[in-house]
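Remarks on the overall topology
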Amino acid sequence: MESISRIIDHFLVNVKINTITTIHSGLINSTFKIETDQGEFIVQKINQKVFPNTSALLHNKERVIHYLKGIGFPTISYIANKEGLTYTYDGDEVWQLSVYIPSRIKEKISSPIIAEKLGTYLANFHKVLLDFPIDELEFTIPDFHNTIKRFDDFQESIKHANQQRLEQAKESIVFLKNNFNFIKEIATKIDLGEIPLRVVHNDTKIGNMLFDENDDIICIIDFDTIMPGSILHDVGDALRSGSNTSSENERDLTKVKFDTEIYESFMKGYRSEAISFMITEELENINLSLPLLLFEQACRFLEDYLNNDSYYNTDYENQNLVRVKTQIKLFDQVISYLKL
Ligand code: GN1
Ligand code: MG
């Protein structure tokens, strides 16, 4: 942990660090909570393999956070280093320090009331960003939520995968191939711009929402992927984690169930607030958000499994395949509930 304390010295003068705790929830960056005599902070190392265009990431984050602060929308605060920058490059890695916000984190939505609050919060987040100059944002990761490209990349990975993993993933491969045509239709509408690009978060899993002791949302965190995208991506990603009775890492598939009450309450909250700005194409297709994101995430996890786990952090051999299966299990239940 010596390197962490050296990094903190870039941002804080004469600081005494009491404890450093690793936070394991993200799959990409390395995150630590630091308790010091000057307060509590979060320090994060940006994964430059995933974000090769780190300056675009920093630019987008800074612009949007500055904007949100300007309109009084609660958000995270980054600490400037001694050169006045909100990041430090130590010759090797890029680091950021933000103020820790005392809060609770949830892996899933525990009641319909919270689901409705979350839906309303997300729609309001989209609403307050309507006036943000979208052209100022860069595409940090090109084609991030381009589901057709994600499916093509997964298909490509089949060609280079080892036999053992191909064998293990056989059923999942067939499932995704069989369901692509239905997903392709909505993905194409987004691709063609029939569903408009807006400023969206792009990583709205429940773990990225901070709650207070009354289960009200304090703010959304993790602006790494804030960039132009569709509201369907954010709605789908929030429900992907939020309406699953277990987690994306659940090995026991009998525990992976689609909670329809959570789903409906979230949607009620989202629609009630977003009705003021959604165009007809969005309104008519918003119910495809969840299957779209589940399908896309299954492709992404499966591609990574077939590429020998080079993108997502994993703790054990078949974890990416476990993740594929949770997404497929939920997808199956969602399309039969929504009668798609
Ligand atoms: C990654 O690292 P984390 O947990 O914030 C990924 C998301 C996935 C998520 C799946 C940049 O997010 O797109 O939905 O894992 N982020 C990136 O848990 O790829
Ligand atoms: Mg993230």
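Right above here is the structure, for reference.
What you are looking at is a predicted structure, and each value in this text was computed from that prediction instead of being measured.

**Some points on the sheet that holds strand E8 (residues 209-211)**
With antiparallel pairing, 3 strands are arranged side by side in an open sheet as E6-E8-E9. Both edges of this open sheet fall to strand E6 (104-105) and strand E9 (217-220), since each of them pairs with a single strand only. In this sheet, E9 lies alongside E8 in antiparallel orientation, the contact comprising 3 bridges. Bridged to Met209 within E9 is Ile220.

**Side note on the pattern of salt bridges**
This structure, assessed with the given rule, holds 15 salt bridges. Between Glu167 and Lys170 there is a salt bridge; the shortest N-O distance is 2.9 Å. Here Glu167 falls in the partly exposed class, since its relative accessible area comes to 48%. Taking relative accessible area as the criterion, Lys170 reaches 46% and is therefore assigned partly exposed. Linked through salt bridges whose partners overlap, the residues forming this network are Arg165, Asp309 and Glu317.

**Notes on helix H8 (residues 260-274)**
The terminal C-alpha atoms of H8, which comprises 15 residues, lie 20 Å apart, in line with the 21 Å expected from a rise of 1.5 Å per residue. Among the residues making up H8, those that are buried are Ile262, Tyr263, Ser265, Phe266, Met267, Gly269, Tyr270, Glu273 and Ala274. Buried-residue contacts for H8 involve helix H3 (112-128), helix H7 (231-242), helix H10 (289-306) and helix H11 (319-337). Taking the backbone nitrogen of Glu261 as reference, a side-chain oxygen 3.2 Å away marks Asp259 as the first, capping residue of H8.

About the thresholds
Residues numbered from 1 in each chain as written. Chains lettered and ligands numbered in written order. Predicted model: local features only at pLDDT ≥ 70, side-chain atom pairs only at ≥ 80, totals over all residues. Heavy atoms only, no water. Pairing = 2+ DSSP bridges. Helix = DSSP H or I, 4+ residues; strand = E, 2+ residues; numbered from the N terminus. Salt bridge = Lys/Arg side-chain N within 4 Å of Asp/Glu carboxyl O. Buried < 20%, exposed > 50% of the residue type's maximum accessible area, 1.4 Å probe, protein only. Expected span 1.5 Å × (residues − 1). Contact = heavy atoms within 4.5 Å. Polar contact = N/O pair within 3.5 Å; in protein donor to acceptor, adjacent residues only side chain to side chain.

These results come straight from atomic positions and should not be treated as a statement about function.
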